[in-house]
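Listed below, chain by chain, are the residues.
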Amino acid sequence: MRKRIISLMLLFTTVAFYSQKNSKIRLTYEVGMKGHKLDSSLTKGQKKYNDFAKNVAKKMYFLDINNEQSIFYINKKMKIETNNKLDLVSAFVGSGIYYHNTKLNKTLNQKNALGEDFIIENKVKYNWKLSQEKRKIADYICFKATTIQKFINRIGETRTKQITAWYYPNLPINVGIKEYHGLPGVIIYLEEGSIYYKCIKIEINVKEKLTITKPKKGKIISEKEYNDILKNDFGKKFGLKNR
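All figures in this text were calculated on a predicted structure; none of them were measured in a lab.

*Asks:* Could you clarify how one ought to interpret the overall build of the protein chain in this entry?
*Replies:* When helices and strands are tallied, the protein chain shows four helices and 12 strands. Split into buried and exposed, the 243 residues of the protein chain put 44% on the buried side. Here the protein chain has roughly 14,800 Å² of accessible surface; of this, 51% comes from carbon and sulfur atoms.

As structure tokens, this is what we get:
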């Protein structure tokens, strides 16, 4: 608790001198499976889902920012006590990396899919709907923002899901988790379907060297080309026509 208070004091005293353009920043996120809010109205099915979510192992991810470049990736060095819990977070979020260049407004997602390495170029710009709804998360007064994401499901169909983010405007970091950029403040909490991302540590002017380089391993393709590859693979496996 004492360490938490000290780190928060250091954060607030640093905010006044903060500049994303000239700072080395590391954000640490806990990523896990979101359960239903506990109350007396939960159905048996929802209670079973909550029990299942508790049995899913949490993972830690870093968001490193150095001037106009950033990278989001799993912290493989941090060992988390899983107690034989299910590792579904890696399946949903992935173990690849997300590189972003704010100057070029380009995100590169390096990942392995279908036994092949890809670098997926993405210039998507989410249309965030900013709300005046507030929520206190840890010691931060955050504001709500929502957007819609398109994705390809396991049988090759195009679907959408709502993304909900809670951001802290007093720390104006507009680089976000994965490809979720453009908010007027650092993302403290984000819901992506059944997965949540919770910021548990903010480090400004990191002393250690933050080396951020563009991913090079993999075939460079567009988001559309990658989705077409998935659709074709699903079609071959399940005898489905392209949609």
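So much for the structure itself; the text now carries on.
*Asks:* Looking at this structure, I do not really get the sheet that holds strand β6 (residues 116–122). What am I missing?
*Replies:* Across a sheet, paired strands are connected by hydrogen bonds in the backbone, their directions being either parallel or antiparallel. A sheet is described by the order of its strands in space; here 12 strands give the open sequence β7-β8-β9-β10-β11-β1-β2-β3-β4-β5-β6-β12, paired in mixed fashion. Where the open sheet ends on each side, the last strands, each with one partner, are β7 (129–137) and β12 (219–222). Along the sheet, successive strands turn relative to each other by an average axial angle of 25°, direction set aside.

*Asks:* What's the story with the pairing of strand β11 (residues 195–204) in this structure? I'm lost.
*Replies:* Bridge count for strand β1 (residues 24–33) against β11 is nine bridges, and the pairing is antiparallel. Directly across from methionine 33, in β11, lies its bridge partner isoleucine 195. Connecting strand β10 (residues 186–192) to the antiparallel partner β11 that follows it, the hairpin turn spans two residues, and glycine 193 within it adopts a positive phi of roughly 65°.

*Asks:* How should I be thinking about unusual backbone geometry in this particular structure?
*Replies:* Generally, phi is negative for residues other than glycine and the peptide bonds are trans, each holding for most cases. Here the phi dihedral of asparagine 105 falls at roughly 50°; this positive angle occurs in a residue that is not glycine. Relative to the helices and strands, asparagine 105 is located in the loop between β4 (97–101) and β5 (106–113). For asparagine 105, a relative accessible area of 35% corresponds to the partly exposed category. Unusually for a residue other than glycine, asparagine 205 sits at a positive phi of about 55°. Relative to the helices and strands, asparagine 205 resides in the loop between β11 and β12.

*Asks:* Looking at this structure, how should I read the nonpolar core?
*Replies:* Nonpolar side chains in soluble globular proteins tend to be buried together. In terms of nonpolar packing, the biggest core is built from 40 residues, with Tyr29, Ile188 and Tyr197 touching the most fellow members. Breaking this core down by element, the ones donating at least two residues are β1, β2 (59–66), β3 (69–74), β8 (140–152), β9 (158–168), β10 and β11. Take this core: its biggest share by element is six residues, from β11. When near neighbours in sequence (up to four residues on either side) are disregarded, tyrosine 29 contacts Lys59, Met60, Tyr61, Leu63, Phe72, Ile177, Val186, Ile187, Ile188, Tyr197, Lys198 and Cys199.

*Asks:* Looking at this model, I keep getting lost on the pattern of salt bridges. Mind explaining?
*Replies:* For side chains of opposite charge, pairing can occur when their charged atoms come near one another. Following the criterion strictly, the structure yields eight salt bridges and no others. Among the ionic pairs, lysine 224 bridges to aspartate 228, the shortest N-O distance being 3.1 Å. Taken together, the residues lysine 224 and aspartate 228, both in helix α4 (residues 223–238) and four residues apart, mark about one turn of the helix. The class for lysine 224 is exposed, based on a relative accessible area of 59%. The network of salt bridges with common partners includes Arg26, Asp64 and Glu208.

The rules behind the values
- Residues numbered from 1 in each chain as written.
- Predicted model: local features only at pLDDT ≥ 70, side-chain atom pairs only at ≥ 80, totals over all residues.
- Heavy atoms only, no water.
- Helix = DSSP H or I, 4+ residues; strand = E, 2+ residues; numbered from the N terminus.
- Buried < 20%, exposed > 50% of the residue type's maximum accessible area, 1.4 Å probe, protein only.
- Areas by Shrake-Rupley, 256 points an atom, 1.4 Å probe, with all protein chains shown as cover.
- Pairing = 2+ DSSP bridges.
- Axes fitted to C-alpha atoms, helices over the stretch in contact; angles between N-to-C directions.
- Core = buried A, V, L, I, M, F, W, Y, C linked by side-chain atoms within 4.5 Å.
- Contact = heavy atoms within 4.5 Å.
- Salt bridge = Lys/Arg side-chain N within 4 Å of Asp/Glu carboxyl O.

Note that all results are geometric; they support no functional claim without further evidence.
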